[in-house]
Amino acid sequence: MAGNRKFIVGGNWKMNGNKASINGIIQFLHEGELDPSTEVVVAPPAVYLDYVRSNLDKKIGVAAQNCYKVEKGAFTGDISPAMIKNVECDWVILGHSERRHVFGESDQLIGEKVKHALESGLKVIACVGEKLDEREAGLTEEVVFRQTKAIADNVSDWDKVVIAYEPVWAIGTGKTATPDQAQEVHARLRQWLSENVSPAVASSVRIQYGGSVNAKNCRELAEKEDVDGFLVGGASLKPEFVTIVNARK
Ligand SMILES: O=C(CO)COP(=O)(O)O
């Protein structure tokens, strides 16, 4: 099943970097031998999108880390898919756990954002994932399916969507999900998609794992049948990101 899905590794820089450090990242991305069979996307802070897109090899995609649900207007501090497209970036990350839990974004808002981003021609990395207390209470599937439904209800073209499963307890904690834990949720998510969207979408949509992925643990995770790539935070700022991109090489 995994055979037809192109491996995709994203680097979510979060609120990190400046022009000097970004030049360093661009340099290791250009010098590193990136596996051509892996799709690579980096997500700089919004203020650097134009700079990164202008200076980075076009074979690497550039994503915004968030956007709003309409094209323009009185929404101080936000950016729109039209603006992201205008600086020639093709992707946006939506529903990241930090947007959900630090900034209080709801399933409904994330769904509306997914809808508008896709209608605007962007590709979307849509994130889902349970918190530690939810996992410990046995609610992982309930939470992940609820979040996925809010996204799925708003998807017009599944070819433009990647799902990122990022358990909140594994993000920035150094506590990676084991390959079996990741595989278990990915497989259940695919089953949910098969039953609630279609078997074709379930077998073609790519599901990334995110949460403390690094050069040491990426290979074992990448071996799992339903792990189609990674969404990497901290390690995407460092040269080891190249090793993660090449996890299947
Ligand atoms: O949130 C993440 C990627 O979006 C994961 O972050 P870390 O890789 O730093 O745990």
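Since this is a predicted model, take the numbers as computed values, not measurements.

### What to know about the nonpolar core
Consideration 1: If you look at the biggest cluster of nonpolar residues, it comprises 68 residues, and the most contacted ones within it are Ala-63, Val-92, Val-124, Ile-125, Ala-126, Ile-163 and Ile-244.
Consideration 2: When sequence neighbours within four positions are dropped, the list of residues in contact with Val-124 reads Val-92, Leu-94, Val-114, Ala-117, Leu-118, Lys-160 and Val-161.

### Comments concerning the sheet that holds strand β2 (residues 38–43)
Consideration 1: In spatial order, the strands read β1-β2-β3-β4-β5-β6-β7-β8; together these 8 strands close into a barrel with parallel pairing. Here the strands of the sheet are splayed against their neighbours by 25 degrees on average, with no regard to which way each runs.
Consideration 2: Across 2 bridges, the pairing between strand β3 (residues 61–64) and strand β4 (residues 91–94) is parallel. By the bridge assignment, Ala-64 is partnered in β4 with Val-92.
Consideration 3: Along the sheet, helix α5 (residues 107–119) makes contact with β4 and β5 (123–128), crossing β4 at roughly 170 degrees.

### Observations regarding the site of the ligand
Consideration 1: Asn-12, Ile-171, Gly-210, Gly-233 and Gly-234 are the nearest of the 14 residues found near the ligand.
Consideration 2: Looking at the shell around the ligand residue by residue, the class counts come to 5 nonpolar, 8 polar and 1 charged.

### Concerning helix α7 (residues 140–152)
Consideration 1: Counted at 1.5 Å a residue, the expected span for α7 with its 13 residues is 18 Å, and the 18 Å between its end C-alpha atoms agrees.
Consideration 2: Inspection of α7 places Val-144, Gln-147, Thr-148, Ala-150, Ile-151 and Ala-152 among the buried residues, and these make up the whole buried set.
Consideration 3: In this fold, the buried residues of α7 make contact with α5, β5, β6 (161–165) and α8 (179–196).

The rules we used
Residues numbered from 1 in each chain as written. Predicted model: local features only at pLDDT ≥ 70, side-chain atom pairs only at ≥ 80, totals over all residues. Core = buried A, V, L, I, M, F, W, Y, C linked by C-beta atoms within 7 Å. Buried ≥ 20, exposed ≤ 12 C-beta atoms within 10 Å, placed from the backbone. Contact = placed C-beta atoms within 7 Å. Pairing = 2+ DSSP bridges. Helix = DSSP H or I, 4+ residues; strand = E, 2+ residues; numbered from the N terminus. Axes fitted to C-alpha atoms, helices over the stretch in contact; angles between N-to-C directions. Near = placed C-beta within 6 Å. Nonpolar A, V, L, I, M, F, W, Y, C, P; charged D, E, K, R; others polar. Expected span 1.5 Å × (residues − 1).

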